[in-house]
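Residue-level structural notes
Given next are the chains, with one letter for each unit.
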Amino acid sequence: MGRDPIRSRGERAETPLTAAIMAGRWIRAAAVDDERGRRWRANPDPYGRPATAGGPVSLHSGAAGIVLFFLELAAGTGHEAYLEDARAGARYLAATCSEQGDVSLHHGLAGAVLALTEAGWALGEERFEATAVAVADRIVRSARAFDGGGIGWSGDPTLRGDGGVVLGLLRAATALGVPAYEEMAVEAGRRIARLAGPREETATCPVLPGEAAAPGFLTGAAGTAFLLARLYAATGDRSFLDAAHRGAGVVRAASVATGHGAVIGDYLGYCSGSAGVARMFYELYRVTGDSGELDWVRRLAAGVRESGAPFRQTAGLWNVACQCCGTAGLIELYVGLWAATGEQEHLEFARRLADHLIGRATGYDDRGYRWYQAYRRQRPGEVSADTGYLTGAAGIGAALLHLDAAGQADRPRRVILLPDNPFPPIPLPAVALRRPAS
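Predicted model only: the values in this text are computed from it and were never measured.

**With respect to the pairing of strand β1 (residues 31-34)**
Here is the key point about a regular strand: its side chains alternate between the two faces of the sheet. Bridge count for β1 against strand β2 (residues 37-40) is 4 bridges, and the pairing is antiparallel. Within β2, the residue paired with Asp34 across the bridge is Gly37. In sequence, β1 turns back onto β2 through a hairpin of 2 residues.

Following this line, the structure appears as structure tokens:
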């Protein structure tokens, strides 16, 4: 792996694109190649330990998420060398998926299906799409029946569990052209709809206390309601929408007014706070056209701004930069909301967030950019810098690339959004896409 073709050694990044390039340089330094392809160490620091044990193939902190980042970096820079990074990672995914037992979206095979599909498209290699089909078929075959009726995999209805698998299958059905995946997703979704409601029991996010999960996105009612709204869009079955509205009611009841905005408890990030919960309300707006749901997205966005985070550390956004709990997840919210509404204040705040995020990057040793953070709020002295998507530099770089794409109305490009991100995949307001380039 040679020197980066764009940035000179020791040069400080000044834009989201150059910061993403510098993040790519550091991730490249963590590569491990063997006969199966390429994986990346979660934490390449000497004696360093990763923030989580997400597994080498996972979307969360392994090869699947990093493959997506390099595909986007190639699109953002026009440099095909990054496609070689993605190709080597996709080879590793294809060679090792058979060893994986976890079928979830963020930690298992459903995330690998997404990465292999995107790699197949971008690289023009049918072998990766063929492997994606084989892995998705395996996910379908592994479903089991539960006492009380319905099918699923782990029994956990949240996005961290079966809800995420359902989202992955819905995406795969469209991307790979296999209707059977949607049929399985809908059948598993019916069980989740029966479980959804004001007394829904949720799993606990491993980095947050249990009370954060109940209304939250990744492990709580908001994510489940998001999924049910997505299933309503796919089927037109009103029972899914009714269940989604019940889940949204749980979230509204947990909200706290803050001046012109609102927050969910004291959490602000994607996994359990405003940045994730806003996705649920936007999905409800997207599938129903109810402007009241979009108003809730705006209220949550205003609540984050009013908190002062991340410019001052708060209980809801502490020393953390990543997509899961930190500033990168907030950038995704504001870029998405700008693309959905065209309201300039959201893009301006996303740029302020990016300036802050770039400013706190570590890159003094010519190895590229990484972000040291206390991933677990309850362990503030446990600091690490990771390479992965939800926990580290790949996801931070992806958020910066999405912001970079948002500033280019004359050269609109598709960005790769995870299945739980409902915002426009071309991050520009519709009016900008219709306006002829000057």
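**Quick word on the packing of aromatic side chains**
Enumeration over the complete set of coordinates arrives at 11 aromatic pairs. Measuring from ring centre to ring centre gives 5.5 Å for Phe217 and Phe226, while their planes differ by 75°; the resulting arrangement is edge-to-face. Taken together, the aromatic side chains of Trp40, Phe69, Phe70 and Tyr82 make up a single cluster linked through ring pairs. When the ring centre of Phe146 is taken as reference, the NZ or CZ atom of Arg191 above it lies at 4.1 Å. Sitting above the plane of the Phe311 ring, Arg352 keeps its charged end 4.4 Å from the centroid.

**Examining the packing of helix α1 (residues 16-29) against helix α14 (residues 393-406)**
In contact at an axis separation of 8 Å, α1 and α14 are set at 155° when each is read in the N-to-C sense. Put simply, α1 runs roughly antiparallel to α14. Regarding α1 and α14, the two cross each other, and that crossing is left-handed. Along the contact surface, α1 presents Pro16, Leu17, Ala19, Ala20, Ala23, Trp26 and Ile27, while α14 presents Ala393, Ala394, Gly397, Leu400, Leu401, Leu403 and Asp404. Here the residues of the contact of α1 with α14 sort into 12 nonpolar, 1 polar and 1 charged.

**Details of the environment of Gly223**
Following the sequence through the fold, Gly223 ends up in helix α8 (residues 221-235). Its relative accessible area of 0% is what places Gly223 among the buried residues. A C-alpha to C-alpha distance of 9.5 Å links Gly223 and Pro157, two positions 66 residues apart in sequence. For Gly223, the residues in contact, after removing those within four places along its chain, are Leu159, Gly216 and Phe217.

**Side note on unusual backbone geometry**
Here the bond from Ala309 into Pro310 is cis, since omega is 0°, no more than 30 degrees from zero. Along the chain, Pro310 falls in the loop between α11 (291-307) and α12 (327-341).

**A look at the pattern of salt bridges**
What the rule picks out here adds up to 24 salt bridges. Arg414 is paired through a salt bridge with Glu118; the nearest N and O atoms lie 2.8 Å apart. Taken together, the residues span a long stretch of sequence, with Arg414 in the loop between α14 and α15 (430-434) and Glu118 in helix α4 (residues 109-123) at a distance of 296 residues. Glu118 gets classed as buried once you look at its relative accessible area, which sits at 4%.

**Considerations on the packing of α1 against helix α2 (residues 63-77)**
The N-to-C vectors of α1 and α2 enclose an angle of 135°; their axes lie 11 Å apart at closest approach. Taken together, the axes of α1 and α2 lie oblique to each other. Crossing geometry of α1 relative to α2 is assigned as left-handed. For the pair α1 and α2, the contacting residues are Leu17, Ala20, Ile21, Gly24, Ile27 and Arg28 in the first and Ile66, Phe69, Phe70, Leu73, Gly76 and Thr77 in the second. A per-class count over the contact of α1 with α2 returns 8 nonpolar, 3 polar and 1 charged.

**With respect to the pairing of strand β6 (residues 261-264)**
Side chains Gly261 and Val263 project from β6 onto one buried face, and the interleaved Ala262 and Ile264 project onto a second face that is buried too. The sheet contact formed by strand β5 (residues 255-258) and β6 spans 4 bridges and is antiparallel. Bridge pairing links Ser255 to Ile264 in β6. From the end of β5 to the start of β6, which pair antiparallel, there are 2 residues, and Gly259 there has a positive phi angle of about 65°.

**Observations regarding the environment of Ala409**
Topologically, Ala409 is positioned in the loop between α14 and α15. Residue Ala409 is classed as partly exposed on the basis of its relative accessible area of 36%. Measuring from C-alpha to C-alpha, the distance between Ala409 and Ile426 comes to 9.9 Å, with 17 residues separating the pair along the chain. Residues in contact with Ala409, not counting those within four places in the same chain, are Leu428 and Ala432.

**Section: the environment of Gly247**
Here Gly247 is to be found in helix α9 (residues 238-254). Since its relative accessible area comes to 4%, Gly247 is described here as buried. Residues Gly247 and Ala225, 22 residues apart in the sequence, show an inter-C-alpha distance of 5.1 Å.

**Some details on the side chain of Thr387**
Locating Thr387 in the fold gives a position in the loop between α13 (344-359) and α14. A residue is classified by how much of its surface remains accessible, and Thr387, at 0% relative accessible area, is buried. Only 2.9 Å separates the side chain of Thr387 from the backbone oxygen of Arg41, close enough to count as a polar contact. Residues contacting Thr387, with those up to four places away along its chain left out, are Trp26, Ile27, Ala30, Trp40, Arg41, Ala42, Pro44, Ile66, Gly392, Ala393 and Ala394.

**A look at helix α5 (residues 126-141)**
In this model α5 runs 23 Å from its N-terminal to its C-terminal C-alpha over 16 residues, within 8% of the 22 Å that 1.5 Å per residue would give. Among the residues of α5, Phe128, Thr131, Ala132, Val135, Ala136, Ile139 and Val140 are the ones counted as buried. Along its buried surface, α5 packs onto α3 (81-96), α4, α6 (162-176) and α7 (179-195).

**Here we look at α9**
Look at α9: 25 Å from first C-alpha to last across 17 residues, which is about the 24 Å you get at 1.5 Å a residue. Within α9, burial applies to Phe240, Leu241, Ala243, Ala244, Gly247, Ala248 and Val251. Viewed along the axis of α9, the buried residues span an arc of 160°, placing them on a single side of the element. In this structure, the buried residues of α9 make contact with α7, α8, β5, β6 and α10 (274-288).

Calculation criteria
Residues numbered from 1 in each chain as written. Predicted model: local features only at pLDDT ≥ 70, side-chain atom pairs only at ≥ 80, totals over all residues. Heavy atoms only, no water. Pairing = 2+ DSSP bridges. Helix = DSSP H or I, 4+ residues; strand = E, 2+ residues; numbered from the N terminus. Phe/Tyr/Trp six-rings, centres within 6.5 Å; stacked < 30°, edge-to-face > 60°. Lys NZ or Arg CZ within 6 Å of the ring centre and 35° of its normal. Axes fitted to C-alpha atoms, helices over the stretch in contact; angles between N-to-C directions. Parallel < 35°, antiparallel > 145°, perpendicular 65-115°, else oblique. Left-handed = near helix turned anticlockwise from the far one by under 90°. Contact = heavy atoms within 4.5 Å. Nonpolar A, V, L, I, M, F, W, Y, C, P; charged D, E, K, R; others polar. Buried < 20%, exposed > 50% of the residue type's maximum accessible area, 1.4 Å probe, protein only. Salt bridge = Lys/Arg side-chain N within 4 Å of Asp/Glu carboxyl O. Polar contact = N/O pair within 3.5 Å; in protein donor to acceptor, adjacent residues only side chain to side chain. Expected span 1.5 Å × (residues − 1). Arc of directions from axis to C-beta.

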